[in-house]
Amino acid sequence: MLLANKHILLGVTGGIAAYKTPDLVRKLTAQGATVRVVITHAAAEFVSPMSLQAVSGNPVHHTLLDPAAEAAMGHIELAKWADILLIAPATANCLAKLAMGLADDLLTTLYLATTAKVILAPAMNQQMWKAPATQVNLSTLQQRGVSVLGPADGEQACGDVGVGRMLEPMDIVCQLTATPTELLKGKKVVITAGPTREELDPVRYITNHSSGKMGYAIAEAAVAAGARVELISGPVTLSPPVGCSLHNAISAEQMHQRVMQNIDEADIFIATAAVADYRPKQVASQKIKKNNDELTLTFVKNPDILKDVANLPNAPFTVGFAAESENVETYARKKLVTKKLAMIAANDISAQGLGFNSDKNALHVIWKEGEKKLPATSKTSLAQSLIALIAEQYNKKST
Ligand code: C5P
């Protein structure tokens, strides 16, 4: 009952995904929440207010100017009642109105009148989602502290394929229950992120594809969950999430050293870094000249940071990543055992538009007693789901 005693005001706007909201209400109430629903005129074309009233056990609110509804619970009272204002689905039109601060219906008025945490689960056509106007509205709202869950990637009602599907009710509930900052309160979490660079000579190096976005999103989600985060980062162009301590490293050996300097009393270690497995045996002191048609270099193995942490006498709850191009699950399961990990998050690097430099990813998370597939979505959203899962399994292990 992770939402016990929570007052959730569910705003439903006019998208096809509105048909999923009775299920969403049921799942929220199953977690102990009291739910009141506010529905727009357009949404009532997609889902029956009567169904929402039946599952929530409360009258559904439609209009701002309904004397009967106002007499029962006025709109300001309703805005004050809410602990969370969740808008699902949130259409492109809804995002635009919220960003502009319009108050031309009950839902937009409540948004302005509430001090509750505001969470949006957008749903729209993939092109509408990508439209610059929508993205600007979204970032305006995020800058004001609004949280955004999803949207997910996949086939759309209109036949298009892309990002814009509302997250499934179960995923929304999982993320809502993960939102409380108590999830990892007081825990020390060490995270590696980004690539490493292994020098060949003063001008050249070898490295791996990695933007660091997944690791940074995980660091941000861990901070939001109340953890004390030490982020050990390879060379990336991202700003560190507010609230974590950043330690820079260039090579795998440096990253290993930084991790070991910070691992004392860590509760959780998450290795997202794309560490170079090998480094040149010798680093040339001068630029290597192209005098020959072929160049042979000898490489030596780098330390395996993840394995070394997992094998420490007082090892933290250790989570590895497995980026694989084939036999993803088999290799991931093997790594879980051979590196003695608590959990592994596998991703298929051959999947189009996911991973490496993309803003999206999908993960198959595996641990000894179970597994969970986290479907393709933004790395921010995915990181929140992963942190919720790690916290759940960590808490099971430590109690
Ligand atoms: O063995 P493999 O490189 O496929 O394992 C990937 C996982 O191990 C990732 O979590 C990565 O961050 C971690 N790793 C590491 N040190 C290395 C190589 C990989 O921490 N030298």
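Residues numbered from 1 in each chain as written. Predicted model: local features only at pLDDT ≥ 70, side-chain atom pairs only at ≥ 80, totals over all residues. Heavy atoms only, no water.

Which parts of the structure should I look at to understand the overall build of the chain?
Summing up its helical and strand segments, the chain has 14 helices and 19 strands in all. Here the C-alpha atoms of the chain give a radius of gyration of 24 Å, agreeing with the 21 Å that 2.2 N^0.38 yields for 399 residues. On the principal axes, the C-alpha backbone points of the chain span a range of 85 × 50 × 35 Å. Here the chain holds 399 residues, and 50% of them are scored as buried. (Helix = DSSP H or I, 4+ residues; strand = E, 2+ residues; numbered from the N terminus. Rg over C-alpha atoms; globule rule 2.2 N^0.38 Å. Buried < 20%, exposed > 50% of the residue type's maximum accessible area, 1.4 Å probe, protein only.)

Help me understand the nonpolar core, please; the structure alone is not making it clear to me.
Within soluble globular proteins, side chains that are nonpolar tend to cluster in buried spots. Counting residues in each nonpolar core, the largest one holds 36 residues, and the members touching the most others are I191, I218, I270 and V365. For this core, the secondary structure elements donating two or more residues are β8 (188-193), α10 (213-224), β11 (228-233), β13 (268-271), β16 (317-324), β17 (343-348), β18 (360-367) and α14 (379-398). In terms of residue count, α14 provides more of this core than any other element does, eight residues in total. Apart from residues no more than four positions distant in its own chain, I191 is found in contact with G215, I218, A219, A222, V229, E230, L231, I232 and I270. The next biggest cluster of nonpolar side chains, apart from the first, holds 30 residues, and it includes A33, I84, L149 and I172. (Core = buried A, V, L, I, M, F, W, Y, C linked by side-chain atoms within 4.5 Å. Contact = heavy atoms within 4.5 Å.)

Would you take a moment to explain helix α13 (residues 328-338) for this structure?
Since the α-helix advances by 3.6 residues per turn, residues separated by three or four positions end up pointing in the same direction. Turning to α13, its buried residues number three or more, namely V328, A332 and L336. Along the axis of α13, the buried positions cluster into a sector of 65°, meaning they face one direction only. In α13, those exposed residues whose orientation departs by more than 90 degrees from the buried face are T330, K334, V337 and T338. Packing partners of the buried residues in α13 comprise β16, β17 and β18. Positive phi appears at K340, one or two residues downstream of α13, with a value of about 60°. (Arc of directions from axis to C-beta.)

Please explain the site of the ligand as it appears in this structure.
Not every one of the 13 residues close to the ligand is listed here, only the nearest: A271, A273, P303, F321 and K335. Within the backbone of P303, a nitrogen or oxygen atom sits 2.9 Å from a nitrogen atom of the ligand. Measuring from a nitrogen atom of the ligand, one finds a backbone N or O atom of I305 at 3.0 Å. Within the complex, the protein chains bury 84% of what would otherwise be the 440 Å² of accessible surface of the ligand. Mapped onto the shell around the ligand, the elements with two or more residues apiece are α12 (305-310) and β16. (Near = heavy atom within 4 Å. Polar contact = N/O pair within 3.5 Å; in protein donor to acceptor, adjacent residues only side chain to side chain. Areas by Shrake-Rupley, 256 points an atom, 1.4 Å probe, with all protein chains shown as cover.)

Please clarify how the sheet that holds β8 should be interpreted in this entry.
Within a sheet, each strand pairs with its neighbour through backbone hydrogen bonds, oriented either parallel or antiparallel. Taken in spatial order, the eight strands line up as β12-β11-β8-β13-β16-β17-β18-β19 in an open sheet, and their pairing is mixed. Pairing within the sheet leaves two strands with one partner each, and these edge strands are β12 (245-248) and β19 (370-378). Averaged over all neighbouring strand pairs, the angle between strand axes comes to 15°, with direction disregarded. Two strands pair when backbone bridges link them, and β18 and β19 are joined in this way by seven bridges, in the antiparallel orientation. Its bridge partner being in β19, K360 is matched across the sheet by S378. On top of the sheet, α13 reaches β16, β17, β18 and β19; it is set at about 155° to β17, its chief contact. Strands β13, β16, β17, β18 and β19 of the sheet are contacted by α14, whose axis makes an angle of about 160° with β19. (Pairing = 2+ DSSP bridges. Axes fitted to C-alpha atoms, helices over the stretch in contact; angles between N-to-C directions.)

Would you mind going over the pattern of salt bridges with me for this structure?
Two side chains that carry opposite charge are able to pair once their charged atoms sit near each other. A complete count under the given rule lists 11 salt bridges for this structure. Through salt bridges with shared partners, one network takes in K20, R165 and E168. (Salt bridge = Lys/Arg side-chain N within 4 Å of Asp/Glu carboxyl O.)

For this particular structure, what's the right way to read the domain arrangement of the chain?
By a widespread convention, an interface's size corresponds to the accessible area lost as its parts come together. Examined at the domain level, the chain breaks down into domain 1 (7-176) and domain 2 (188-398). Each of domain 1 and domain 2 has a C-alpha centre, and these two points are 35 Å apart. If you look at the interface, domain 1 gives 10 residues, while domain 2 gives nine residues. Summed over both sides, the interface between domain 1 and domain 2 buries roughly 670 Å², with carbon and sulfur atoms accounting for 39% of that surface. In this assembly, domain 1 and domain 2 are joined by zero salt bridges. Joining domain 1 to domain 2, the criterion identifies five residue pairs in polar contact (both at pLDDT 80 or more). For the side of domain 1 that touches domain 2, the element with the highest residue contribution is helix α9 (residues 169-178), accounting for three residues. (Domains from an automatic or database assignment. Buried area = accessible area lost by both parts, 1.4 Å probe.)

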